[in-house]
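Topology and contacts: notes
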Amino acid sequence: MSQGVDTLLDVSETISAEELVAEVVRQAERENAQERICLTSSFQTEDMVVLHMLREHLARVPVIFLETGYHFPELIAYRDRMVVEWDLNLVNALPETTLEEHEREFGLLHIVEPTKCCAIRKVEPLMRSLEPYSWWFTGLRREQSPTRAGLKKVEDHRLPTGKGLKKISVLADWDWGRVEGYALKHGIPRLELYDRGYTSIGCEPCTAVPAAGADPRSGRWGGKKLECGIHTFSEKQ
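Source: prediction; values computed, not measured.

Here we take up the packing of helix α3 (residues 45–55) against helix α8 (residues 176–185). One can describe the packing of α3 onto α8 by two numbers: an axis separation of 10 Å at closest approach and a directional angle of 50°. On the basis of their axis angle, the class for α3 and α8 is oblique. Crossing of α3 against α8: the hand is left-handed. Listed contacts from α8 to Thr 45, Glu 46, Val 49, His 52 and Met 53 of α3 are Trp 176, Val 179, Tyr 182 and Ala 183. Of the residues assigned to the contact of α3 with α8, the class counts are six nonpolar, two polar and one charged.

What follows is the structure, given as structure tokens:
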């Protein structure tokens, strides 16, 4: 590990989100590796905030979206709108099978075995899509659920192939009010599903409006689990 990365790990929990984004980009530039930075985005507000920060430095940063085939039409429409308005470098991570092939083989797998469905339509495509990159930005926050409470802003992860990369969650210590405040200040368009009570938005069949006072991700998968696996299948070092 270079001295620059050592320093980044030392300061990541004490500097602002904007400063951390800038420092990661500077480190990548020192390594002549700007093209190895990416962001995974579900086009929820957290991801749009991180993308807004990244675009200050890398206008064409790759934005990896997991196209499962099960998304809300409203989310797909918002994604397509933002791709045009922000001229995004969108990378649609696709499963090996179409939705029709998937359901012909497994039926409604998202109902009977949601973890297996996520592994096929989210985890495998993402792990494959991350292979070219060394710096992986996310919009994860500690407040989102108990499974994310110990999240670090900079973590070492290893993909199933053995490829190592840095996972960067610059909003780890932000609450929802701060996320919304940043989006409002910078004029980031709002996904309309939030106005219908959704607080964590994934595939339409597996996403519900959470109960009042429940954590933001409690409406996912009928309360049976809190993670699809994309942030747990990679091995944290």
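There is more to say, and it comes next.
This brings us to the nonpolar core. Grouped burial of nonpolar side chains is what soluble globular proteins tend to show. Counting 43 residues, the largest nonpolar core has Ile 37, Val 49, Met 53, Leu 54, Phe 137 and Val 170 as its most contacted members. If sequence neighbours within four positions are ignored, Ile 37 has contacts with Val 25, Ala 28, Leu 54, Leu 58, Val 61, Pro 62, Tyr 133, Trp 135 and Phe 137. One finds Ile 64, Val 123, Leu 130 and Leu 159 within the second-largest nonpolar core, a separate group that totals twelve residues.

Bringing the packing of aromatic side chains into the picture now. Two aromatic rings are characterised by how far apart their centres lie and by the angle between their planes. Applying the stated criterion to the full structure yields four aromatic pairs. The interplanar angle of 55° and the centroid separation of 6.0 Å between the aromatic rings of Trp 174 and Tyr 182 together place this pair among those described as tilted. Judged on exposure class, the residue Trp 174 and its partner Tyr 182 are both buried.

Bringing the side chain of His 52 into the picture now. Structurally, the position occupied by His 52 is in helix α3. Ignoring any residue separated from it by four or fewer positions in sequence, one finds His 52 in contact with Trp 86, Tyr 182, His 186 and Ile 188.

Turning our eyes to something else, we now look at the pairing of strand β5 (residues 154–158). The side chains of a regular strand alternate, first on one face of the sheet and then on the other. Judged from the five bridges that link them, β5 and strand β6 (residues 164–168) form a sheet pairing that is antiparallel. Of the residues in β6, the one forming a bridge with Glu 155 is Lys 167. Connecting β5 to the next strand, β6, in antiparallel fashion are five residues, including Gly 162 with a positive phi near 100°.

On to α3, then. With ten of eleven residues buried, α3 is to be regarded as a mostly interior element. Three or more residues of α3 are buried, namely Thr 45, Glu 46, Asp 47, Met 48, Val 49, Val 50, Leu 51, His 52, Met 53 and Leu 54. Looking at the buried side of α3, the elements it contacts are α2 (17–30), β1 (37–40), β2 (62–66), α4 (73–85), β4 (135–137) and α8.

Before going further, it helps to spend a moment on the confidence of the model for the protein. Detailed conclusions should not be drawn from predicted coordinates in areas where pLDDT is low. The predicted model of the protein averages 88 in pLDDT, with 86% of residues at 70 or higher. Below pLDDT 50 for its whole length, residues 225–235 participates in 45 contacts with residues either more than four positions away or in separate chains.

The subject of this paragraph is a nonpolar patch on the surface. Nonpolar side chains collect at one region of the surface, where Leu 108, Ile 111 and Val 112 lie side by side and expose about 290 Å² of accessible area between them. For Ile 111, the position within the fold is in helix α6 (residues 109–112).

Rules of the game
- Residues numbered from 1 in each chain as written.
- Predicted model: local features only at pLDDT ≥ 70, side-chain atom pairs only at ≥ 80, totals over all residues.
- Heavy atoms only, no water.
- Axes fitted to C-alpha atoms, helices over the stretch in contact; angles between N-to-C directions.
- Helix = DSSP H or I, 4+ residues; strand = E, 2+ residues; numbered from the N terminus.
- Parallel < 35°, antiparallel > 145°, perpendicular 65-115°, else oblique.
- Left-handed = near helix turned anticlockwise from the far one by under 90°.
- Contact = heavy atoms within 4.5 Å.
- Nonpolar A, V, L, I, M, F, W, Y, C, P; charged D, E, K, R; others polar.
- Core = buried A, V, L, I, M, F, W, Y, C linked by side-chain atoms within 4.5 Å.
- Buried < 20%, exposed > 50% of the residue type's maximum accessible area, 1.4 Å probe, protein only.
- Phe/Tyr/Trp six-rings, centres within 6.5 Å; stacked < 30°, edge-to-face > 60°.
- Pairing = 2+ DSSP bridges.
- pLDDT = per-residue confidence, 0-100.
- Patch = residues over 30% accessible without salt bridge, like charges linked within 9 Å, V, L, I, M, F, W, Y side chains within 5 Å.
- Areas by Shrake-Rupley, 256 points an atom, 1.4 Å probe, with all protein chains shown as cover.
- Salt bridge = Lys/Arg side-chain N within 4 Å of Asp/Glu carboxyl O.

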